[in-house]
Amino acid sequence: MSSRSIPFGKPLLGDEERDAVARVLEGTMLVHGELTKAFEKAFAERAGSRHAIALSSCTAALHLSLRACDIGAGDAVIVPAMTHVATAHSAEYCGARPLFVDVAPESGNLDAAAAVHTADKAGNVRAILPVHYLGLPCDMDALGAIAARLGAMIVEDCALAIDATYGDRKAGTLGDTGCFSFYPVKHMTSIEGGMLTTDDDELAARVKKLRAFGYDRSLGERSEPGVYDIDALGLNFRMNEVEAAVGLAQFCKLDDFQAARTRNFEAMATELREIDELTIFEPKQGKAQSSHYCLNVVLPADGRIVRRDVVAYLKGVGVGSSVHYPVALPLSRYYRDKYGYKPGEFPIAEWLAAQTISLPVGPHLEAGDPEYIAEEMKKAVLTARR
Ligand SMILES: *Cc1c(COP(=O)(O)O)cnc(C)c1O
């Protein structure tokens, strides 16, 4: 028996993060500080965007993207049926209606042809929210053309797509805004946190106002302390200095983290591609290059291999896994009850919800772990075959 114990995800925090947090706590600038600004600057440079705005989460970034463009009641927003709940909830927060569209069987990404069909039928689509599923950019040429024809904005959900590329551009610069997450088990963490990227100066100014109550001038712009007016229904979605300190320290390690993810992914994929029963979404498809959030293997749709059995086997040999995502979002209780979606309407999303397994590739893996995980995954399928 092996004594390995490999969690699906684990933030790698060290002395750099601890020291940075300690320095913040020694001072008095806990919000509105220089670390948040430095993090924004560094992130914008890496992403290749004019602006990067630090927020309390990726969910806040998605929400503010729509709100800053006055998307609300009577408007519809195209959302993939296979995604994190935050993508669709961001439309609901604004009073807009999420219109779910099935995903493509080779990538799990928004199906552009299906999106056209849904948008033309609805007639009131004001935004498209492509989610770069597990790090692989969507077909942004096709989605960009649809958005242009509809006069809709594009909000990229880049929560798992830091450093993913499409042609010579990075995810987050392919639409009107890009929304990133620093939740603990993403590519890097700021504990909780998010970043909104955009090249649009006016949109950036509106997002900055909305992240801080709707004040008409920021703290630095106030000539008399405490004197300001409020001209928008803003929220409190700021990132604080402790989070920015952790985020910056992690940001310095991101090159190493990403290299480890790529290495681990390739070591495992080489082994697992040999198994006929498994579908593996290729990390390079056309112009899109994945950021390798995990390696998801999808079991056959006919159910001849039962996911629960495979996951239990893996757990028994010390391999942690996850599921992205366990329910096709329109069939979750909230959306089903509200809009009456029925099983069978989103066949690919439903297949993924039932049969995908996410295997770890993060920088927390130790030497030999990728080979071990691939070997055990093979055994799990062989066992299930019988
Ligand atoms: C994690 C995640 C989110 C939400 O990010 P938070 O920072 O936790 O709000 C949104 N979309 C996707 C695709 C995610 O993976």
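In this text the structure is predicted, and so the values were computed from the model without any measurement.

A. Representation of the site of the ligand. Taken together, 14 residues are adjacent to the ligand, and Cys58, Thr59, Asp157, Ser181 and Lys186 come closest. Contact between the ligand and Cys58: an oxygen atom at 2.9 Å from a main-chain N or O atom of the residue. Between the ligand and Thr59, the relevant distance is 2.5 Å, taken from an oxygen atom to a side-chain nitrogen or oxygen of the residue. Summarising the interface, the protein chains cover 93% of the accessible area of the ligand, which totals 390 Å² for the free molecule. For the shell around the ligand, the residue count by class is 7 nonpolar, 5 polar and 2 charged.

B. Spotlight on the side chain of His292. Along the polypeptide, His292 turns up in the loop between strand S12 (288-289) and strand S13 (295-298). Of the residues examined, His292 reaches a relative accessible area of 4% and is grouped as buried. His292 has contacts with His187, Arg261, Thr262, Phe265, Glu266, Pro283 and Val361, leaving out every residue within four places of it along the chain.

C. How the structure looks around the side chain of His132. Within the secondary structure, His132 sits in the loop between strand S4 (125-128) and helix H6 (140-150). The buried category is assigned to His132, whose relative accessible area is 1%. Setting aside chain neighbours within four positions, we find His132 in contact with Asn109, Pro137, Cys138, Met140, Glu156, Asp157, Cys158, Ala161 and Ala171.

D. Here's a closer look at the sheet that holds S13. Sheet architecture is open: 3 strands sit in the order S10-S13-S14, paired in antiparallel fashion. One side of each edge strand has no neighbouring strand; the edge strands of this open sheet are strand S10 (279-280) and strand S14 (356-359). As judged from the 4 bridges shared by S13 and S14, these two strands associate in the antiparallel manner. Looking across to S14, one finds that Val297 is bridged to Ile357. In the packing of helix H9 (residues 254-272) onto the sheet, contacts are made with S10, S13 and S14, and the angle to S13 comes to roughly 20°.

Conventions adopted
- Residues numbered from 1 in each chain as written.
- Predicted model: local features only at pLDDT ≥ 70, side-chain atom pairs only at ≥ 80, totals over all residues.
- Heavy atoms only, no water.
- Near = heavy atom within 4 Å.
- Polar contact = N/O pair within 3.5 Å; in protein donor to acceptor, adjacent residues only side chain to side chain.
- Areas by Shrake-Rupley, 256 points an atom, 1.4 Å probe, with all protein chains shown as cover.
- Nonpolar A, V, L, I, M, F, W, Y, C, P; charged D, E, K, R; others polar.
- Helix = DSSP H or I, 4+ residues; strand = E, 2+ residues; numbered from the N terminus.
- Buried < 20%, exposed > 50% of the residue type's maximum accessible area, 1.4 Å probe, protein only.
- Contact = heavy atoms within 4.5 Å.
- Pairing = 2+ DSSP bridges.
- Axes fitted to C-alpha atoms, helices over the stretch in contact; angles between N-to-C directions.

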